[in-house]
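# Chain and residue survey
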Amino acid sequence: MADSEVLPSLAGDPVAVEALLRAVFGVVVDEAIQKGTSASQKCHYSIQKGAAFLGLGTDSVRVVKADERGKMVPEDLERQIGMAEAEGAVPFLVSATSGTTVLGAFDPLEAIADVCQRHGLWLHVDAAWGGSVLLSQTHRHLLDGIQRADSVAWNPHKLLAAGLQCSALLLQDTSNLLKRCHGSQASYLFQQDKFYDVALDTGDKVVQCGRRVDCLKLWLMWKAQGDQGLERRIDQAFALARYLVEEIKKREGLELVMEPEFVNVCFWFVPPSLRGKQDSPDYHERLSKVAPVLKERMVKEGSMMIGYQPHGTRGNFFRVVVANPALTCADMDFLLNELERLGQDL
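Attention in this report is confined to the structure presented alongside it. This structure is a prediction, so every number in the text was calculated from the model and none was measured.

## Considerations on the nonpolar core
Buried together is how nonpolar side chains tend to be arranged in soluble globular proteins. L123, V263, V265, F267, F318, V322 and L339 are the most contacted members of the largest nonpolar core, which totals 73 residues. Counting residues per element, this core draws most heavily on helix 6 (residues 215-250), at 11 residues. When residues of this core are assigned to domains, at least three fall in each of domain 1 (14-218) and domain 2 (228-343). Excluding residues that lie within four positions of it along the chain, L123 makes contacts with V94, A96, I112, A113, C116, R148, A149, D150 and S151. Grouped together as the second largest cluster of nonpolar side chains are five residues, L93, W122, L177 and C181 included.

The structure is reproduced here in structure tokens:
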């Protein structure tokens, strides 16, 4: 999920997007802000897609700089807002991220909220990936400031492993915002003279009509696991990610991209032919070709599947997301042993 955006930009969740545009702002943004020069490599693609779906165009999204760890830089957010206003555009929303897709970065929400408050901007937090960390007393500090957000997107089907699909949109608003945005008052479905409380008819609040009761998956899991059970699941994921990091440090030919603060563990496998040759002019180009080769080998072998990607100026590296509650330290050992076996001839 994403890094940082100033708008006229929109959150990745279509419901949040339409809610903000139609009900909160009640305006059509005619002037798009020119796209920033910073690359949007750390931003979730749904931000751009949401702007396109709404007719704002992808150029209406202004990308805010991130630091070397992938966190939004609040000072650049302030600068981008000033630039946008000087160009005659109307910024109205900032989309921050708690748990980016690749590096697992958490934006500094308190500082971002301060900027939004000064400028009267809606703060949306994409916590689809990292929102579940709030259930851990040990690690919830990563989301400090999220209580100041106007809206939050959260996907229990990610870190909590609820059945797909299970997504939540949380709003500070108490004025029945979603119904005011999407309600069509279809008399053949949403009769107002039913014998029960018609507020229970939630179907008129969403974009689609027929839909599954996705919240039941979260409710059942929470009832079965309890608060402490879900907290243990989160803490175990962090502990296992830390175990993997320490094992990577012990082994020749494995190099961390950075120390993780979440359960995204990013690293390079440096094959025997490249070890000790970091100063070679073609080192990074050759290293970038290693992950795709190993991915093909592991898939054809049927032993495991690990994602890889480039990131900014960094060439392809592996990204292990330690989220499955069934994983153990033995699985982490197998992963590293298998990489070494598959790459020993490279």
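## Overview of helix 6
Under the 1.5 Å per step criterion, the end-to-end length of helix 6 is only 43 Å for 36 residues, more than 12% shorter than the ideal 52 Å. Remark: the principal bend of helix 6, roughly 95°, maps to G226.

## What to know about the packing of aromatic side chains
For the coordinates displayed, the defined rule picks out six aromatic pairs. The interplanar angle of 55° and the centroid separation of 5.1 Å between the aromatic rings of W129 and F262 together place this pair among those described as tilted. Of this pair, W129 sits in the loop between strand 4 (122-127) and strand 5 (151-154) while F262 sits in the loop between strand 7 (254-256) and strand 8 (264-269); the two residues are 133 residues apart in sequence, bridging distant segments of the chain. When sorted by exposure, W129 lands in the same class as F262, which is buried.

## Quick notes on the packing of helix 8 (residues 290-301) against helix 9 (residues 329-342)
For the pair helix 8 and helix 9, interaxial distance at closest approach is 10 Å and the crossing angle is 110°. When the interaxial angle is binned, helix 8 and helix 9 end up roughly perpendicular. Contacts between helix 8 and helix 9 pair L294, R297, M298 and E301 from the former with E338, L339, R341 and L342 from the latter. Looking at side-chain class alone, the contact of helix 8 with helix 9 contains four nonpolar, no polar and four charged residues.

## Side note on unusual backbone geometry
With an omega dihedral of -5°, the bond running from L164 to Q165 counts as a cis peptide bond. Looking at where Q165 falls in the secondary structure, it is placed in the loop between strand 5 and strand 6 (168-171). Of note in this structure, N176 is not a glycine but carries a positive phi near 60°. Structurally, N176 is set in the loop between strand 6 and helix 5 (177-182). Phi at Q185 is positive, roughly 55°, even though this residue is not glycine.

Quick notes on the rules
- Residues numbered from 1 in each chain as written.
- Predicted model: local features only at pLDDT ≥ 70, side-chain atom pairs only at ≥ 80, totals over all residues.
- Heavy atoms only, no water.
- Core = buried A, V, L, I, M, F, W, Y, C linked by side-chain atoms within 4.5 Å.
- Buried < 20%, exposed > 50% of the residue type's maximum accessible area, 1.4 Å probe, protein only.
- Helix = DSSP H or I, 4+ residues; strand = E, 2+ residues; numbered from the N terminus.
- Domains from an automatic or database assignment.
- Contact = heavy atoms within 4.5 Å.
- Expected span 1.5 Å × (residues − 1).
- Bend = angle between axes of the 7 residues up to and from the residue.
- Phe/Tyr/Trp six-rings, centres within 6.5 Å; stacked < 30°, edge-to-face > 60°.
- Axes fitted to C-alpha atoms, helices over the stretch in contact; angles between N-to-C directions.
- Parallel < 35°, antiparallel > 145°, perpendicular 65-115°, else oblique.
- Nonpolar A, V, L, I, M, F, W, Y, C, P; charged D, E, K, R; others polar.

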